[in-house]
Amino acid sequence: MLGAYNNNTILSGYRLKLIREWRNKSQAELAEFLECSVEEIQKAEEDLFQCNFEQLGRVKKFFDIEDIPLSDEEVRVFKESLYYWRDLIRNRKIDEATDFQEKVSSIVQLPPCMDLVMLYRQFEVSDCLLENHLEAAEEKLRELEKHLPSMDAENQYYFYRNSGSLKSVLRYPSEALKDFLKALTFGEARENAPIFNGALYYNIASCYFDLHLPHQTIAFLEQALDAHGDDRTKAYRLHFDILLAVSYIRIGRVQAAKALLSKCLARAEGALNGQNGLIIGQILHNFGFAHRFLGEWAEAIDYLNKAATRLSEGSEHYLETMYQIVWCTAKMGRYPQALNALERIKELSRYAENQKYILLSETLRCFIGLCQAPATAEAKENADYITTNVLPRLEEAYEYTKMLALCEELGNYYEKFGEPSKALDVIKTSHSIIKRMLYQGGDEK
Amino acid sequence: MKRKLIAIFLGVSMVLCVCTPVIADGVRPPIFFMDGDDAPSHLGGADDSFEQQLL
């Protein structure tokens, strides 16, 4: 008789029914195997199936699913194994993660345990993202999306978390922001939710940052820091502070930004890890940005050069640093050096097939031409090229600060060389960008 | 008159444009693909070592 002695474990009746149907067995067959009545099976499937471990083993044997979690306790333990695998993935213990995957991958054979199967798939997507296999991640997410209406809160959390990450990497900050905000909602709704999800908060702030909305970035981060205090934000503090510092510069609070960057630099240099070059490079770049903001070209170049030595050649951040170096060098009137550094950007961006910096290197060429010999027909062509070809493309890519810098140069040029209507157009463009940065969300573009 | 108006508008606009604080840009560290603070305790959860792994 079922559940007659030792209620050692509980199996969801609903899950039992799903498995029975999936294995194409009748209630009568199961009842016969377990030596009980069909009515008892019916009752068990309607509610909870209480059984001891021996019975559980027999049920699993009957369905030929001995390695698969069935009871609530087994599901809980299996979930813990999935989390353990997730943490191996997150901590980049690749060999261990691959070995451990073999233990948990059996779950995909069991369609009735969809929550667990999907959780497994979500961590597979995270693995693809960390390995930079973006196409695979996209494909897996597309598959998972079909199950979105039936997903529990935890799966929805991971789905939107991964989907937001992919969109952020693919440079769709507005779409990524929507997904991360949904993840935040589902994350708070799931069982055992963390009190504070620092990584997700940072990602959301990064989207605001990418959308060039400095006020929202600052408000969001400061709110998180106020609400959760030093202890909870400790692990993410360096990332929070870098975002805050750059956003402060974007709104003109340069001194506050410099103080924060100094703290960041001390912390990053204190962290004894061979991979901290990227973070230190970014902090140095942002110091350069602060000086450039104040028109201190030489100091800016000094910091940017230091940053370049810390960044990996050809990477997006390296190209950005080089872009700023060329700009500052041209502003100082050192055209041969500027052109020399520009050649390097051209070469690297072509090699990396980085369309953004291929366009920006062309922009720099025009900009240098404009600074070097403004009174020539070629300079006029350069100015028109930037106005008609570069500005719209930068706008599409939310590159508002670069647009503003170019608009300022173009406005000065057109005004000086007798083209007031063009100057007016350029100024209108920069006004609309400033308004957008100050007052609007990126998706209201 | 029209020219004068344009000239005034340009003058005011240029002041605004030149005073625009943002003329360059900074960079930010990459996003986190996974969380650290909901890790089971046997992996340490959120602590300094997690941050150091990210650096």
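Residues numbered from 1 in each chain as written. Chains lettered and ligands numbered in written order. Predicted model: local features only at pLDDT ≥ 70, side-chain atom pairs only at ≥ 80, totals over all residues. Heavy atoms only, no water.

What to know about the overall build of chain B
Phase 1 of the analysis: Along chain B, the regular secondary structure elements total two helices and zero strands.
Phase 2 of the analysis: For chain B, with 55 residues in total, the buried portion stands at 49%.
Phase 3 of the analysis: As presented, chain B carries roughly 2800 Å² of accessible surface, and 66% of it is formed by carbon and sulfur atoms. (Helix = DSSP H or I, 4+ residues; strand = E, 2+ residues; numbered from the N terminus. Buried < 20%, exposed > 50% of the residue type's maximum accessible area, 1.4 Å probe, protein only. Areas by Shrake-Rupley, 256 points an atom, 1.4 Å probe, with all protein chains shown as cover.)

Quick word on the packing of helix H18 (residues 335–351) of chain A against helix H19 (residues 355–372) of chain A
All names here are of chain A.
Phase 1 of the analysis: At their nearest, the axes of H18 and H19 sit 9 Å apart, and the two run at 165° to each other. Relative to H19, the element H18 is oriented roughly antiparallel. Every pair of crossing elements has a handedness; the one defined by H18 and H19 is left-handed. Contacts from Tyr 335, Ala 338, Leu 339, Leu 342, Ile 345, Lys 346, Ser 349 and Arg 350 of H18 reach H19 at Tyr 357, Ile 358, Ser 361, Leu 364, Arg 365, Ile 368, Cys 371 and Gln 372. (Axes fitted to C-alpha atoms, helices over the stretch in contact; angles between N-to-C directions. Parallel < 35°, antiparallel > 145°, perpendicular 65-115°, else oblique. Left-handed = near helix turned anticlockwise from the far one by under 90°. Contact = heavy atoms within 4.5 Å.)

A word on the packing of aromatic side chains
Residues and elements named next belong to chain A.
Phase 1 of the analysis: What the rule picks out here adds up to 20 aromatic pairs over all chains.
Phase 2 of the analysis: Residues Phe 123 and Tyr 158 carry aromatic rings whose centres are separated by 5.0 Å and whose planes lie at 85° to one another, so their mutual orientation is edge-to-face. Taken together, the residues Phe 123 in helix H7 (residues 114–130) and Tyr 158 in helix H9 (residues 153–169) connect sequence positions 35 residues apart. The exposure classification of Phe 123 matches that of Tyr 158, with both residues buried.
Phase 3 of the analysis: Members of the aromatic cluster, connected to one another through ring pairs, are Tyr 83, Trp 85, Tyr 120, Phe 123, Tyr 157 and Tyr 158.
Phase 4 of the analysis: Positioned above the aromatic ring of Phe 62 is the side chain of Lys 25, whose terminal nitrogen or guanidinium carbon lies 5.3 Å from the ring centre. (Phe/Tyr/Trp six-rings, centres within 6.5 Å; stacked < 30°, edge-to-face > 60°. Lys NZ or Arg CZ within 6 Å of the ring centre and 35° of its normal.)

Some points on a negative patch on the surface
Residues and elements named next belong to chain A.
Phase 1 of the analysis: Together, Asp 95, Glu 96, Asp 99 and Glu 102 make up a region of like negative charge exposed at the surface.
Phase 2 of the analysis: Positionally, Glu 96 belongs in helix H6 (residues 94–104).
Phase 3 of the analysis: With a relative accessible area of 41%, Glu 96 lands in the partly exposed category. (Patch = residues over 30% accessible without salt bridge, like charges linked within 9 Å, V, L, I, M, F, W, Y side chains within 5 Å. Salt bridge = Lys/Arg side-chain N within 4 Å of Asp/Glu carboxyl O. Lys, Arg positive; Asp, Glu negative; His and termini not counted. Charge placed at Lys NZ, Arg CZ, Asp CG, Glu CD.)

Details of the nonpolar core
Phase 1 of the analysis: One finds Leu82(A), Trp85(A), Phe240(A) and Ile283(A) to be the most contacted residues of the largest nonpolar core, which totals 151 residues.
Phase 2 of the analysis: The contact partners of Trp85(A), leaving out residues within four places of it in the chain, are Ala97(A), Phe100(A), Gln101(A), Val104(A), Tyr120(A), Phe123(A) and Glu124(A). (Core = buried A, V, L, I, M, F, W, Y, C linked by side-chain atoms within 4.5 Å.)

Quick notes on unusual backbone geometry
Residues and elements named next belong to chain A.
Phase 1 of the analysis: Phi at Asn 24 takes a positive value of approximately 60°, unusual for a residue other than glycine.
Phase 2 of the analysis: Mapped onto the fold, Asn 24 is located in the loop between helix H1 (13–22) and helix H2 (27–34).
Phase 3 of the analysis: A positive phi angle is found at Arg 92, which is not glycine, with a value near 55°.
Phase 4 of the analysis: Within the fold, Arg 92 resides in the loop between helix H5 (72–90) and H6.
Phase 5 of the analysis: The exposure class of Arg 92 is partly exposed, given its relative accessible area of 28%.

Brief notes about the environment of Leu70(A)
Residue and element names in this part refer to chain A.
Phase 1 of the analysis: With respect to the helices and strands, Leu 70 occurs in the loop between helix H4 (53–63) and H5.
Phase 2 of the analysis: Taking the C-alpha atoms as reference, Leu 70 lies 8.6 Å from Cys 113; in sequence the two are 43 residues apart.
Phase 3 of the analysis: Leu 70 has contacts with Leu 11, Arg 15, Ile 19, Leu 56, Val 59, Lys 60, Ile 65 and Val 75, leaving out every residue within four places of it along the chain.

Describing helix H17 (residues 316–331) of chain A
Phase 1 of the analysis: Between its first and last C-alpha, H17(A) extends 23 Å over 16 residues, near the 22 Å set by a 1.5 Å rise per residue.
Phase 2 of the analysis: Gly333(A) occupies a position one or two residues after H17(A) and carries a positive phi of about 80°. (Expected span 1.5 Å × (residues − 1).)

Observations regarding the confidence of the model for chain A
Phase 1 of the analysis: Overall, the prediction assigns chain A a mean pLDDT of 87, with 93% of residues at 70 or greater.
Phase 2 of the analysis: Segment residues 1–6 of chain A is flagged for pLDDT under 50; beyond a separation of four residues in sequence, or across chains, it makes 16 contacts in the model. (pLDDT = per-residue confidence, 0-100.)

Things to note about H4(A)
All names here are of chain A.
Phase 1 of the analysis: When H4 is considered as a whole, its buried residues turn out to be Gln 55, Leu 56, Val 59, Lys 60, Phe 62 and Phe 63. Down the axis of H4, the smallest arc covering the buried residues is 160°, so these residues share one side. H4 presents Phe 53, Glu 54 and Lys 61 as exposed residues on the side facing more than 90 degrees away from its buried surface.
Phase 2 of the analysis: Once H4 ends, the next one or two residues include Asp 64, with phi positive near 60°. (Arc of directions from axis to C-beta.)

So, the pattern of salt bridges
Residue and element names in this part refer to chain A.
Phase 1 of the analysis: In total, this model carries 32 salt bridges over all chains according to the counting rule given.
Phase 2 of the analysis: For Glu 316, the salt bridge goes to Lys 356, with nearest N and O atoms at 3.4 Å. With Glu 316 in helix H17 and Lys 356 in helix H19, this residue pair connects regions lying 40 residues apart in the sequence.
Phase 3 of the analysis: Lys 331 is the salt-bridge partner of Glu 409, the closest N and O atoms lying 2.7 Å from each other. In this pair, Glu 409 sits in helix H21 (residues 400–416) while Lys 331 sits in helix H17, placing the two residues 78 residues apart along the sequence.
Phase 4 of the analysis: Counted as one network, the salt bridges with shared partners bring together Arg 171, Glu 316, Glu 320, Lys 356, Glu 399 and Lys 402.

Details of the environment of Asp241(A)
Residue and element names in this part refer to chain A.
Phase 1 of the analysis: One can find Asp 241 in helix H13 (residues 237–250).
Phase 2 of the analysis: Note on Asp 241: relative accessible area 7%, which makes it buried.
Phase 3 of the analysis: Sequence separation between Asp 241 and Lys 263 is 22 residues, and the spatial gap between their C-alpha atoms is 8.7 Å.
Phase 4 of the analysis: Setting aside chain neighbours within four positions, we find Asp 241 in contact with Leu 260 and Cys 264.

Re the packing of H13(A) against helix H15 (residues 277–293) of chain A
Residue and element names in this part refer to chain A.
Phase 1 of the analysis: Relative to each other, H13 and H15 sit at 15°, their axes nearing to 10 Å. The orientation of H13 relative to H15 falls into the category roughly parallel. For the crossing formed where H13 meets H15, the hand is left-handed. In contact with Leu 238, His 239, Ile 242, Val 246, Ile 249 and Arg 250 of H13, H15 contributes Ile 279, Ile 283, Asn 286, Phe 289, Ala 290 and Phe 293.
Phase 2 of the analysis: Of the residues that constitute the contact of H13 with H15, the class distribution is nine nonpolar, two polar and one charged. (Nonpolar A, V, L, I, M, F, W, Y, C, P; charged D, E, K, R; others polar.)

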